[in-house]
Amino acid sequence: PAWCARCISSSAENATAMASERIHVICFGNELHGDDGFGPAVHARLAAAPVPEHVRLLRADIAGLAAIGCFEGCGQAIVVDALRGFGPAGSLHALDPADFAADAARAEAAAGFHGAGLGALLALLPAALDQLPQIRLVGVEAARVAPFSPGLSASVAARLDEAAAHIREAWR
């Protein structure tokens, strides 16, 4: 019947409109590797307070292919991660992923597939997703990344509240 077609298209339009309003905050990093634990630490700060209904907090930990799903079903994705090469240790940055992805993917390429990180993932997203969300990157310049060395450096830990406040402001 004609009403079914209208109902289905209306539902599809509503689902698309709802997805465009959703924000995914995707926190990357390994808390056992020093300042690489910035993303999980920001996730913990954000999760400690009520989160609006239209916001979904996600821990992706590593930026492998499995993280592609974190970018689906939202109109905006805020990516949180530790950075290298953007400023002094502990400096907080809001970056356009286009400025970040190409350089990061090139730096990661030397390590082969197992070295593929956030840069490679961001470069792959346009080919992997039917609908690419608007992506913003919030990162802190790492002072110390070392395997099996849990805990953030003082300069990175000092920026956790500021990073969380910046993200909360973005989802309002």
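Residues numbered from 1 in each chain as written. Predicted model: local features only at pLDDT ≥ 70, side-chain atom pairs only at ≥ 80, totals over all residues. Heavy atoms only, no water.

Trainee: Can you break down the environment of Ala 89 residue by residue, with the values?
Mentor: Along the chain, Ala 89 turns up in the loop between strand S3 (76–83) and strand S4 (92–95). Assessed through its relative accessible area of 42%, Ala 89 is described here as partly exposed. Residues Ala 89 and Ala 142 lie 53 residues apart in sequence; the distance between their C-alpha atoms is 5.5 Å. Not counting residues up to four positions away in its chain, the partners in contact with Ala 89 are Glu 141, Ala 142, Ala 143 and Ser 155. (Helix = DSSP H or I, 4+ residues; strand = E, 2+ residues; numbered from the N terminus. Buried < 20%, exposed > 50% of the residue type's maximum accessible area, 1.4 Å probe, protein only. Contact = heavy atoms within 4.5 Å.)

Trainee: Quick one: what's the story with the sheet that holds strand S2 (residues 55–61), residue by residue and with numbers?
Mentor: Spatially, the 5 strands line up as an open sheet ordered S2-S1-S3-S5-S4, and their pairing is mixed. At either margin of the open sheet sits one strand with a lone partner, and together these are S2 and S4. Neighbour-to-neighbour, the strand axes of the sheet open up by a mean angle of 20 degrees, direction not taken into account. Along the sheet, helix H6 (residues 160–170) contacts strand S1 (23–28), S3, S4 and strand S5 (134–141); its crossing angle with S5, the most-contacted strand, is approximately 170 degrees. (Pairing = 2+ DSSP bridges. Axes fitted to C-alpha atoms, helices over the stretch in contact; angles between N-to-C directions.)

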